[in-house]
Number of protein chains: 2
Amino acid sequence: MSDLLGRLRGRGWRMTAQRRVVAEVLDGEHVHLTADEVHARAVAKLPEISRATVYNTLGELVSLGEVLEVSTDKRAKRYDPNAHRPHHHLVCAQCGAIRDVHPTGNPLADLPDSERFGFTVSDVEMTYRGLCPNCSTA
Amino acid sequence: MSDLLGRLRGRGWRMTAQRRVVAEVLDGEHVHLTADEVHARAVAKLPEISRATVYNTLGELVSLGEVLEVSTDKRAKRYDPNAHRPHHHLVCAQCGAIRDVHPTGNPLADLPDSERFGFTVSDVEMTYRGLCPNCSTA
DNA sequence: GCTTGACTTAGACAAGGTCCATTGTAGGAT
DNA sequence: ATCCTACAATGGACCTTGTCTAAGTCAAGC
């Protein structure tokens, strides 16, 4: 994650304790925290950090392309630090567990011109749904 | 849409002016209204209808499988009456316009076992993003 | 045309998120 | 090393979306 911090500094990001903590919290694979979860973990490391700062920082990370906003859950947005390898998501319909997945195939090519309605299509987002091992045995 | 009303009555739904109005508002192709938009249009036809009733009715339509909940936009849920032909969505990243689309191919088959993490996968939801004709010329 | 249980209503409430005026501080200039 | 200042953080008000509840209303069977 020091990578991320370096990259950010390179882009003229002003480095503060708060921003560092938010970036640290978002480290890892299969990490998909809500803003509130990020805030809770950030508070553990830096008790004075405010909710607004967490929201601001997350928003900045998203617009810098370092973090993805995911909305698999229909309530809160989730933040996914794995922005540099394109991927999709697999979500447990019951408990909400999320995995990053990499389907084969090229879904963009699967949308015929006749179904594009004149749009310039640039991206697809796929959300697989099912039951995770835990929830399917229960 | 009289179809829908008939089907609902057949399932023991008590028919009220409010429910009829909500069902009417949701008629059509490429319709993806938020709950508030549904409410606004319903009020135009039946001024006394309350927000809670619209939410209740939408929720019932969803659990009866007559209407789909879509969350292409990261804010409010949208309601899609086209529940009987499976389809995906194409969204304008700028103005939010939504079209129903039918890609070829079978995305479920594109998720290898090694990427399933033991889940029982049952469904995929695809959201294509791009710019609509209007927004891409601007 | 009565009855009754399902439906509707208004408004309070909750969660997630945004905004803003004020205070604090990173990092360049001296 | 210290000072400055533009940018960042704070906390609290506020907004939007959605849910809940208690009381009143009404569709539909008798």
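Not measured: the values here are computed from a predicted model. (Residues numbered from 1 in each chain as written. Chains lettered and ligands numbered in written order. Predicted model: local features only at pLDDT ≥ 70, side-chain atom pairs only at ≥ 80, totals over all residues. Heavy atoms only, no water.)

Chemist: Would you take a moment to explain the packing of aromatic side chains for this structure?
Modeler: Geometrically, a pair of aromatic rings is defined through the distance of the ring centres and the angle of the planes. The final tally for this structure, using the stated rule, is zero aromatic pairs over all chains. Across the ring face of F117(B), the terminal group of R99(A) is positioned such that the distance to the ring centre comes to 5.6 Å. (Phe/Tyr/Trp six-rings, centres within 6.5 Å; stacked < 30°, edge-to-face > 60°. Lys NZ or Arg CZ within 6 Å of the ring centre and 35° of its normal.)

Chemist: When you look at the protein's contact with DNA strand D in this model, what are you seeing that I'm missing?
Modeler: Lining the immediate surroundings of DNA strand D are 19 residues, of which T16(A), Q18(A), E48(A), S50(A) and T53(A) lie closest. Restricting the count to atoms of DNA strand D within 4 Å of the protein gives a sugar and phosphate share of 69%. Separating a phosphate oxygen of DNA strand D from a backbone N or O atom of S50(A) is a distance of 2.9 Å. Take R14(B): an N or O atom from its side chain is 2.9 Å from a base oxygen of DNA strand D. Elements with a minimum of two residues in the surface near DNA strand D: α2 (17-25) and α4 (51-63) of chain A together with α3 (35-45) and α4 (51-63) of chain B. Sorting elements by how many residues they give to the surface near DNA strand D places α4(B) first, with three residues. (Near = heavy atom within 4 Å. Polar contact = N/O pair within 3.5 Å; in protein donor to acceptor, adjacent residues only side chain to side chain. Helix = DSSP H or I, 4+ residues; strand = E, 2+ residues; numbered from the N terminus.)

Chemist: Can you walk me through the side chain of T57(B) in this structure?
Modeler: All names here are of chain B. Counting through the fold element by element, T57 comes out in helix α4. Of note is the side chain of T57, whose polar atom sits 2.7 Å from the backbone oxygen of T53. In this structure, T57 is in contact with W13, R19 and V22, ignoring residues within four places of it in sequence. (Contact = heavy atoms within 4.5 Å.)

Chemist: Just to check I follow, could you spell out the interface of chain B and chain A for this structure?
Modeler: How big an interface is tends to be reported as the loss of accessible area on association of its parts. Each partner contributes residues to the interface: chain B has 41 residues there, and chain A has 41 residues. In this assembly, chain B packs against chain A so that about 3,400 Å² is buried in total across both faces, 57% of it on carbon and sulfur atoms. Contact with chain A buries area across many residues of chain B, yet K74(B), F119(B) and Y128(B) alone supply 20% of it, more than any other trio. At the boundary of chain B with chain A, the tally comes to two salt bridges. A salt bridge links R129(B) to E125(A); the nearest nitrogen and oxygen atoms lie 3.2 Å apart. Linking chain B with chain A are 16 residue pairs in polar contact (both at pLDDT 80 or more). Contributions of two or more residues to the side of chain B that touches chain A are made by β4 (88-92), β5 (98-101), β6 (120-131) and α5 (133-137) of chain B. Broken down by element, the residue count for the side of chain B that touches chain A peaks at 12 residues, all from β6(B). Classifying every residue of the side of chain B that touches chain A gives 19 nonpolar, 11 polar and 11 charged. Summarising the sheet, strand β6 (residues 120-131) of chain A and β6(B) pair through 11 bridges and their orientation is antiparallel. Bridged to R129(A) within β6(B) is D123(B). (Buried area = accessible area lost by both parts, 1.4 Å probe. Salt bridge = Lys/Arg side-chain N within 4 Å of Asp/Glu carboxyl O. Nonpolar A, V, L, I, M, F, W, Y, C, P; charged D, E, K, R; others polar. Pairing = 2+ DSSP bridges.)

Chemist: Could you clarify how one ought to interpret empty space enclosed by the protein in this entry?
Modeler: A probe matching the size of a water molecule, rolled over the atoms, marks out where space remains unfilled. The tally for this structure, following the rule as stated, stands at two cavities of 30 Å³ or more. For the largest cavity, the full set of lining residues is S71(A), T72(A), K74(A), E125(A), T127(A), R129(A), S71(B), T72(B), K74(B), E125(B), T127(B) and R129(B). Across the lining of the largest cavity, the residue classes break down as no nonpolar, six polar and six charged. Looking at the second largest cavity, its volume works out to about 60 Å³. Forming the boundary of the second largest cavity are P103(A), T104(A), N106(A), P107(A), D110(A), M126(A), Y128(A), T104(B), P107(B), D110(B) and M126(B). Its residues assigned to classes, the lining of the second largest cavity comprises six nonpolar, three polar and two charged. (1 Å grid on protein atoms, 1.4 Å probe; cavity = no way out; pocket = protein on both sides within 12 Å on 5 of 7 lines; lining within 4 Å. Points joined across faces, edges and corners; volume = space filled by probe spheres on them.)

Chemist: How do you make sense of the sheet that holds β4(B) when you look at a structure like this?
Modeler: Two orientations exist for strands paired in a sheet by backbone hydrogen bonds: parallel and antiparallel. The strand order β5(A)-β4(A)-β6(A)-β6(B)-β4(B)-β5(B) describes an open sheet built from six strands, whose pairing is mixed. Where the open sheet ends on each side, the last strands, each with one partner, are β5 (98-101) of chain A together with β5 of chain B. Shown here is a sheet whose adjacent strand axes are inclined to one another by a mean of 25°, direction ignored. Inspection of the sheet shows β4(B) paired to β5(B) by four bridges, in the antiparallel sense. (Axes fitted to C-alpha atoms, helices over the stretch in contact; angles between N-to-C directions.)

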